[in-house]
Amino acid sequence: MLDAILQNLPYLLGGFLTNLQLAAFALAGGLFLGTLVGLGRISKRPWVYYPVTLYVNFLRNIPLILVIFWFYFVMPILVGRTMDPFVSAAVSFIVFEATYFGEILRAGFQSISKDLVSAAYSTGLTYRQTATHILVPIAFRRMLPSMITQSIITFQDTSLAYVIGLQEMVRRTTIVDSIEVRSVQLYSFVAILFFIICFIGSRISMHYEEKSRKAKVL
Amino acid sequence: MLAYKFDWGVLWRQPYGEWLLQGLWLTIQLGALAWIIALSLGVLFGTMRSVRFWPLRIIGSLYVEVFRNIPFLVQLFFWFYAGPMLFGKTLQFKINAISGLNYWVAIFALGLYTASRVAEHVRAGFASIGHGQYDAVLSTGMTPLQMYWYVMIPHALRLIIPPLTTEFLTIFKNSAVAMTIGVAETTFMSYKIDEQTFHGLEATTGAMVIYLVLGMTVVKLMDFIEARFRIPGLMSR
Amino acid sequence: MIEIKNVSKWFGDFQVLADVDEVVQRGQKIVICGPSGSGKSTLLRCINGLEPYQKGEIVVDGVSLSDPKTNLYKLREKLGMVFQRFELYPHMTVMRNITLAPIKVRKKSRQAAEKKAMELLERVGIPDKAGAFPANLSGGQQQRVAIARALAMEPACMMFDEPTSALDPEMIQEVLEVMIGLAKEGMTMLVVTHEMGFAREVADEIIFMDAGRIVERGSGDEFFKNPKSQRTKDFLGQILK
């Protein structure tokens, strides 16, 4: 009964690996860009605040699948040749997820008391030094549970790279299904794989939430 | 930079402009109908997660965990490709022959998925109402079922209008995924325009504008509902 | 050392500071008191450029804050500040709290900065807490670390914004002792506080502020025994009960 899965296991798991890789890039880039976005959203300089706010509000109203398509169409024009779907997808994800991480970090930044920032400035630290050594570390620690949750969502979202033909797990499952026609087993398998990773991730997030609730240190 | 001639006229040239608008109509249908399922099931499972009777709590939690931790695309494919097979060999072919099956499966899957998120908001709403009201209502002799139906659920729903607005917006965004099973909604149409004209960039940009406008309309609608059903003295804007 | 000339500040329509004039000489200890909302904290924050002001001028060691060319960061190195709620960096040890600015701003080596930090911790009485995190310290200990952190930048003047107001009574004394020690060593100090005992012992001049204005200033005993304005009398009556 599980033959369809077992025979195609390396092929399917190879696709799953692609999802993981895409998620890794999306998270690394999304967190970095998201930090800049978060800082931009609390900036007092209007030429920073307004463009960043526009960017965030724009992208949060559009389906990710459309953003994936849009970059798929845009990038060949910008770069001058056809693009590897992985690269196009990675860029879409980084730009998209950065808005969500940015908003999470913004909440983290805003939870830091103004006087703490004043204390840092009063010792002569510059904005850049204060942001790097004080704002970002504290915000990351405080918002860790939310960031883990968002990372899980990002991982789930990598399945959408299906639409530009990326050889990730969902696409490979449909390919195998078109040959084997064991839909129930195959789609259950991919569902269970995602479920396990995401469930573990959500438990980790809850663990950190409990920990910070009890400690109340930061 | 590749030499690319922009052709923004594609957006309102027939039949392409009309395709996008037809797609919008379908997006609205998908979102609205799925939302009805999502609200009903979400309230049901959210309530189940909050009652004292633990078997119901377990069922509710199971539902939420399963539907929250699997990507929507995977759920959609499961129901569309594997779903008919669950009915056995004879029924399976009859089901697959239904015209517009993808439309109904999309609404069903979207509703089921979103319900798990609504359930969490409902649970949070109950948690914030607090124990006192629970005890007060029960002491007037109502059964728990009556209490939930007449008091707790209406109260919680008003409290959670902001997160529900986010979910309502999200349901329209997720409706775009239905394009993968051939539902002719907005995103599908923009892709189709690209297939015909090779001007996918303009088409998808146009689709983005459509989603933006739709989103703003939804927010205005929910603002209106919130104002209409506001609980005086409970929260200020 | 610090000259405040006719400074006024508004938050929107609300005037927070009104025509404030004051000169702080090197080595002077000035205590500022007054009801809450009188602008005392805001004045301190204007002096090191944390808050802007709309009218007037503040000059620190010859450098004017209104001058757009002024490097506020360099200016802040000269002015150490201690806050009511200590504001230690919660994610760093005591040692790192103190050495962060000297390393990043003054470009000191880690050894040099840590050596100085240990000296400062000795001076404030808690050398054994160098590796602890702020959350493990009492309020009084945290505030003493905050003082050490400010001293690490070797400022010419130390400003204190109600340093003991958030402390439990048992711990107020240990912090005041550190501050008195500083005063005796000749540090220029600007202290916003309600601790009149401290003011009596240490202050060269006491300023009473109300509604953004300096209502009265006087030195030591004269201020307490013969307050000139009625508002001062009322205020002193309240806090010296």
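1. A few points about the packing of helix H3 (residues 94-104) of chain C against helix H4 (residues 110-124) of chain C
Residue and element names in this part refer to chain C.
1) Next: In the contact formed by H3 and H4, the axes pass within 9 Å of each other and the chain directions differ by 125°. One element, H3, and the other, H4, form an angle in the oblique class. As for how H3 packs across H4, the hand of that crossing is right-handed. Only Arg110, Ala113, Glu114, Ala117, Met118, Leu120 and Leu121 of H4 make contact with H3, whose side of the interface consists of Val94, Met95, Ile98, Thr99, Pro102 and Ile103.
2) Next: Of the residues belonging to the contact of H3 with H4, the class tally is 10 nonpolar, one polar and two charged.

2. Some remarks on the confidence of the model for chain A
1) Next: Confidence along chain A averages 91 in pLDDT terms, with 99% of residues attaining 70 or more.
2) Next: Averaged over each element, pLDDT in chain A is lowest for helix H1 (residues 3-7) of chain A (82) and highest for helix H2 (residues 9-41) of chain A (95).

3. As for the layout of surface pockets
1) Next: For the second largest pocket, the calculated volume is near 1,500 Å³.
2) Next: The wall of the second largest pocket is formed by 37 residues, among which Lys44, Val117, Tyr121 and Tyr127 of chain A together with Leu50 of chain C lie closest to the centre.
3) Next: Put simply, the parts of the chain that give the lining of the second largest pocket at least two residues each are H2, helix H5 (85-110), helix H6 (114-122) and helix H7 (127-142) of chain A together with helix H1 (40-47) and helix H2 (72-78) of chain C.
4) Next: For the lining of the second largest pocket, the element with the most residues is H7 of chain A, which contributes six residues.
5) Next: In the lining of the second largest pocket, the residues fall into 20 nonpolar, nine polar and eight charged.

4. Describing the interface of chain C and chain A
1) Next: Opposite the 23 residues of chain C that make contact, chain A presents 21 residues.
2) Next: Both faces combined, the contact of chain C with chain A buries some 1,900 Å², and carbon together with sulfur accounts for 66% of it.
3) Next: Summed over the shared surface of chain C and chain A, the result is one salt bridge.
4) Next: Close ionic contact of Arg45 of chain C with Asp115 of chain A constitutes a salt bridge, the shortest N to O distance being 2.6 Å.
5) Next: Our enumeration of links across chain C and chain A arrives at five residue pairs in polar contact (both at pLDDT 80 or more).
6) Next: Put simply, the parts of the chain that give the side of chain C that touches chain A at least two residues each are H2, strand E6 (79-82) and H3 of chain C.
7) Next: Along the lines of polarity and charge, the residues of the side of chain C that touches chain A split into 14 nonpolar, two polar and seven charged.

Parameters at a glance
- Residues numbered from 1 in each chain as written.
- Chains lettered and ligands numbered in written order.
- Predicted model: local features only at pLDDT ≥ 70, side-chain atom pairs only at ≥ 80, totals over all residues.
- Heavy atoms only, no water.
- Axes fitted to C-alpha atoms, helices over the stretch in contact; angles between N-to-C directions.
- Helix = DSSP H or I, 4+ residues; strand = E, 2+ residues; numbered from the N terminus.
- Parallel < 35°, antiparallel > 145°, perpendicular 65-115°, else oblique.
- Left-handed = near helix turned anticlockwise from the far one by under 90°.
- Contact = heavy atoms within 4.5 Å.
- Nonpolar A, V, L, I, M, F, W, Y, C, P; charged D, E, K, R; others polar.
- pLDDT = per-residue confidence, 0-100.
- 1 Å grid on protein atoms, 1.4 Å probe; cavity = no way out; pocket = protein on both sides within 12 Å on 5 of 7 lines; lining within 4 Å.
- Points joined across faces, edges and corners; volume = space filled by probe spheres on them.
- Buried area = accessible area lost by both parts, 1.4 Å probe.
- Salt bridge = Lys/Arg side-chain N within 4 Å of Asp/Glu carboxyl O.
- Polar contact = N/O pair within 3.5 Å; in protein donor to acceptor, adjacent residues only side chain to side chain.

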